[in-house]
Amino acid sequence: MKSLCLKLCLIFVMGMSGIVQAVANDTTKLAEKNGQRDVDNVVLKLPAGFGAVTVVDSLARNRHLAVNSNGDIYVKLARLKDGKGVLILREKANGKAEVVKSFGNYGGTGIAFKNGYLYTSSDSGVYRYKLNERGEVISPDAPETIVRGLVAGRQHQTKSIALDNAGNIYVNIGAPSNSCQVEDRGKGSKGKDPCPILDSAGGIWQFKADKPNQSYAEGIRYATGTRNIVGLDWNNTVNELYAMQHGRDNFYQNWSELYDSVESAELPAEEFLQIKKGSNFGWPYCYYDQVQKKKVLAPEYGGNKTTQGRCEGMDTPIIGFPGHWAPNALLFYTGNMFPEKYRNGAFIAFHGSWNRAPLKQKGYQVIFVPMKDGKPNGEWEVFADGFMGVQEIAAPRDAQYRPCGLAQGKDGSLYISDSVKGRIWKIIYNGK
Amino acid sequence: MKKGIIIFSLLFVVIYLLAQTKPKTASQGGTDKASVDRGKKIYDIYCLACHQADGSGVPRLNPPLIKTKWVLGDKKELITVILKGMDEPIEVDGEDYNNVMASHAFLKDQEVADVLTYVRKSFGNKASGVISSEVKTVRATMK
């Protein structure tokens, strides 16, 4: 009798665990199915007359890229792949590219060609490599260190680079902080005043492009009050520096008595900046409200969403884009392939938002700003869309691709790099 | 005899159910279900922006809360993450994450218990709840 009961109990327990097991199996199957979404159904949406060629399907953790005078595509990787941080790709006749060489034992973001050199950046320094007459890197394993010892925290640590025509290189040094609070991202935590971060970060520094081993002491703080910049480019038509700054986060989490979750999703602007020597864009004291169209005093410094206080007279952006779209690349188009309206205009690659939740995530696209004499000349428009692979996403992990880098091809085509799978597209114009 | 079996198996089911509900009634905040519901509200306000509605986090910035060693592991450590925040390079499923999480010590013991109960029972996690006395104990050792 007792043993019969035991048997019954055993059957009962086994039955229960069987059900649990079955449920677990179903979830795994579902997860596997979801993981297989990358069977490619991503077609980029482009204006009429434009087409996209997938030059390479998946590479690595792509950041910025640059095209060499010989047409080779150089890609900087966030993290090493097989021990290397720079990949050289060469296109074949069928339009597909192959990795022909890799070098550099550091991850990073910046990559640019100038006056017979390749410049690259890690999160703490800038390097350069001399090119031979065929445009090839002569000593891939022996770069010259141009800048060293830059601040690299656990946020906004990547360094972007741009070069002018007077022998200078500009480096973004992002602030390792959201808004310079006593406790970073802490609820109700006040801002440090003055913000000590600004001495060595939260701005753009200028160095000599050909002087080895420079550190802060040899550099100039060219502009300040920028929280984090990833898209950075020199505009040759007006000989000035431009950048895309990532606005601050967490209005609602930190200041819920002032901002609701919708305001926190839309504010502040992602700023398109025209930068002059000595510019101050106000971070962390100020942010740009693209609805009120003014610099507003941040809540960490006593702001109430409308007062300007010390932010009056602060330098403002030339465009305030919607909040949190994460602009990761800026490129002034100087080619001849695209129609006239694109010449000297700005392409901006938005990596796409994460802190718009609970609203849908947005901005996973490349946009175009028509420009004349260095100023926007008409409304900006979406240029390339469809990177997410689906209509809507709630969380960034659901995006199949995220645009991260832009480069102009020798023939005037536009290259776009993706950071999720490492895809690279080449955008060509074949309309009339 | 037959009757006996039925009674015994019924008894077993009752004991089984009792055993299941025991920890639930033990939490000061009422049942786990109530704790999960309250926890979701807290999650939506204070955690969702960074860790996302489905707990999937943000690639390379904010780690996921899906079956990580912190979420499913030692409750003391998990409670400490909430009370103290976190600022050390971490890796989850072979991916590194770089951002800081601020202290959430402003949440009351019961609120921390609720939000962690919600996290430990959502996003595919199936772990026991957290009760406010556990939070209280950890908070006391931190002072």
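First, a word on scope: everything that follows refers to the structure included in this document. Note that the structure is predicted; figures quoted are calculated from it, not measured. (Residues numbered from 1 in each chain as written. Chains lettered and ligands numbered in written order. Predicted model: local features only at pLDDT ≥ 70, side-chain atom pairs only at ≥ 80, totals over all residues. Heavy atoms only, no water.)

Side note on the side chain of Lys76(A)
Residues and elements named next belong to chain A. Quick reminder of the rule: Secondary structure elements follow DSSP: runs of H or I of four or more residues count as helices, runs of E of two or more count as strands, with numbering from the N terminus. Each residue's exposure class comes from its accessible area (1.4 Å probe, protein chains only) as a fraction of the maximum for that residue type: buried when under 20%, exposed when over 50%, partly exposed otherwise. The convention is simple: Lys and Arg are positive, Asp and Glu are negative, and His and the chain ends are not counted. Whenever Lys or Arg places a side-chain nitrogen within 4 Å of a carboxyl oxygen from Asp or Glu, that contact is recorded as a salt bridge. Whenever a nitrogen or oxygen atom comes within 3.5 Å of another N or O atom, the pair is scored as a polar contact, on the condition that within protein one atom can donate a hydrogen and the other can accept it, and that pairs from neighbouring residues in sequence are kept only if both atoms are in side chains.
With respect to the element layout, lysine 76 can be found in strand S3 (residues 73-81). No salt bridge is formed by the buried lysine 76; the nearest opposite charge belongs to aspartate 123, separated by 8.1 Å. Of note is the side chain of lysine 76, whose polar atom sits 2.8 Å from the backbone oxygen of glycine 85.

Some remarks on helix H7 (residues 132-142) of chain B
Residue and element names in this part refer to chain B. Test applied: Note that the arc is computed from the directions linking the helix axis to the C-beta atoms. Note on contacts: a residue pair qualifies if any of its non-hydrogen atoms lie within 4.5 Å across the two residues.
Those residues of H7 not exposed but buried are Ser132, Val135, Val138 and Arg139. Down the axis of H7, the buried side of the element spans an arc of 125°, and every buried residue falls inside it. Residues of H7 that are exposed and point more than 90 degrees away from the buried face comprise Lys136, Ala140 and Thr141. In the core, the buried residues of H7 are packed alongside helix H5 (75-84) and helix H6 (109-120).

Points about the packing of aromatic side chains
This is how it is decided: Between 30 and 60 degrees the pair is tilted, below 30 it is stacked and above 60 it is edge-to-face, where a pair is any two Phe, Tyr or Trp rings, Trp via its six-membered ring, whose centres lie within 6.5 Å. Geometrically, a charge over a ring is one whose NZ (Lys) or CZ (Arg) sits within 6 Å of the ring centre while staying within 35 degrees of the ring normal.
Tallying each qualifying case throughout the model produces 36 aromatic pairs over all chains. When the ring of Tyr117(A) is compared with that of Tyr119(A), the centres are 6.3 Å apart and the planes differ by 55°; the resulting orientation is tilted. Each of the two residues, Tyr117(A) as well as Tyr119(A), counts as buried. Taking the centre distance of 5.0 Å and the plane angle of 65° together, the rings of Tyr46(B) and Phe106(B) count as edge-to-face. You can see Tyr46(B) sitting in helix H2 (residues 32-46) and its partner Phe106(B) sitting in the loop between strand S2 (95-97) and H6, a full 60 residues away along the chain. For Tyr46(B), a relative accessible area of 18% puts it in the buried group. The partly exposed category is assigned to Phe106(B), whose relative accessible area is 35%. The ring of Tyr401(A) has Lys421(A) lying over it, and the distance from NZ or CZ to the ring centre is 4.4 Å. The lysine or arginine in question, Lys69(B), covers the ring of Trp70(B), its NZ or CZ lying 4.8 Å from the ring centre.

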